[in-house]
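Here's the letter readout for the chains.
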Amino acid sequence: VVAPYFTHRAALLRTEFMRISAETGAHYVDLFSAADVFKSDPTHFYAADFFHPSGNGYEVWAREASQIIVKGWPDLVHAE
């Protein structure tokens, strides 16, 4: 019942964070692009409270963040 409210609120905050990051040159990790992954199997990607990410959900978040790091600071990534 509260999910639509939190989704709407997150969308408003996302817009503001994207604006601020563009103005300041900060990098923004946009997890809205990963929303379909979380919806695909909520019990796998969300903690028991279905609000916070599970370990698997944080793994998705880390993957998204690492893509930003690789693009923004390629010299920080070592070749394997």
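In this text, all values refer to a predicted model and were calculated from it rather than measured experimentally.

Quick notes on the side chain of Glu64
Then step 1. Position of Glu64 among the secondary structure elements: in helix H4 (residues 55-72).
Then step 2. One buried charged side chain, Glu64, makes no salt bridge at all; its nearest oppositely charged neighbour is Arg63, positioned 5.9 Å away.

Thoughts on the pattern of salt bridges
Then step 1. Scanning the model with the defined rule gives 4 salt bridges in all.
Then step 2. Note that Asp30 is salt-bridged to Arg14, the shortest N-O span being 2.7 Å. Here Asp30, found in the loop between helix H1 (3-24) and helix H2 (35-40), pairs with Arg14, found in helix H1; they are 16 residues apart in sequence, far enough to count as distant.
Then step 3. Of the charged contacts, one joins Arg63 and Glu59 as a salt bridge, the two residues approaching to 3.8 Å between their closest N and O atoms. Here Glu59 and Arg63 lie together in helix H4, a separation of 4 residues that amounts to about one turn.
Then step 4. Assessed through its relative accessible area of 44%, Glu59 is described here as partly exposed.
Then step 5. Several salt bridges converge on common partners, so that one network encompasses Glu16, Arg19 and Glu23.

Considering the environment of Tyr28
Then step 1. By the secondary structure assignment, Tyr28 is in the loop between H1 and H2.
Then step 2. Residues in contact with Tyr28, not counting those within four places in the same chain, are Arg14, Phe17, Met18, Ser21 and Ile68.

Things to note about a nonpolar patch on the surface
Then step 1. On the surface, Val1, Val2, Tyr5, Phe6 and Phe51 cluster together into a nonpolar patch covering about 610 Å² of accessible area.
Then step 2. With respect to the secondary-structure elements, Val1 resides in the segment before H1.

Brief notes about the environment of Arg19
Then step 1. Within the element layout of this structure, Arg19 appears in helix H1.
Then step 2. Residue Arg19 is classed as partly exposed on the basis of its relative accessible area of 38%.
Then step 3. Reaching out from Arg19, the side chain makes a polar contact with the side chain of Glu23 at a distance of 2.6 Å.

What counts, and at which threshold
- Residues numbered from 1 in each chain as written.
- Predicted model: local features only at pLDDT ≥ 70, side-chain atom pairs only at ≥ 80, totals over all residues.
- Heavy atoms only, no water.
- Helix = DSSP H or I, 4+ residues; strand = E, 2+ residues; numbered from the N terminus.
- Buried < 20%, exposed > 50% of the residue type's maximum accessible area, 1.4 Å probe, protein only.
- Lys, Arg positive; Asp, Glu negative; His and termini not counted.
- Salt bridge = Lys/Arg side-chain N within 4 Å of Asp/Glu carboxyl O.
- Contact = heavy atoms within 4.5 Å.
- Patch = residues over 30% accessible without salt bridge, like charges linked within 9 Å, V, L, I, M, F, W, Y side chains within 5 Å.
- Areas by Shrake-Rupley, 256 points an atom, 1.4 Å probe, with all protein chains shown as cover.
- Polar contact = N/O pair within 3.5 Å; in protein donor to acceptor, adjacent residues only side chain to side chain.

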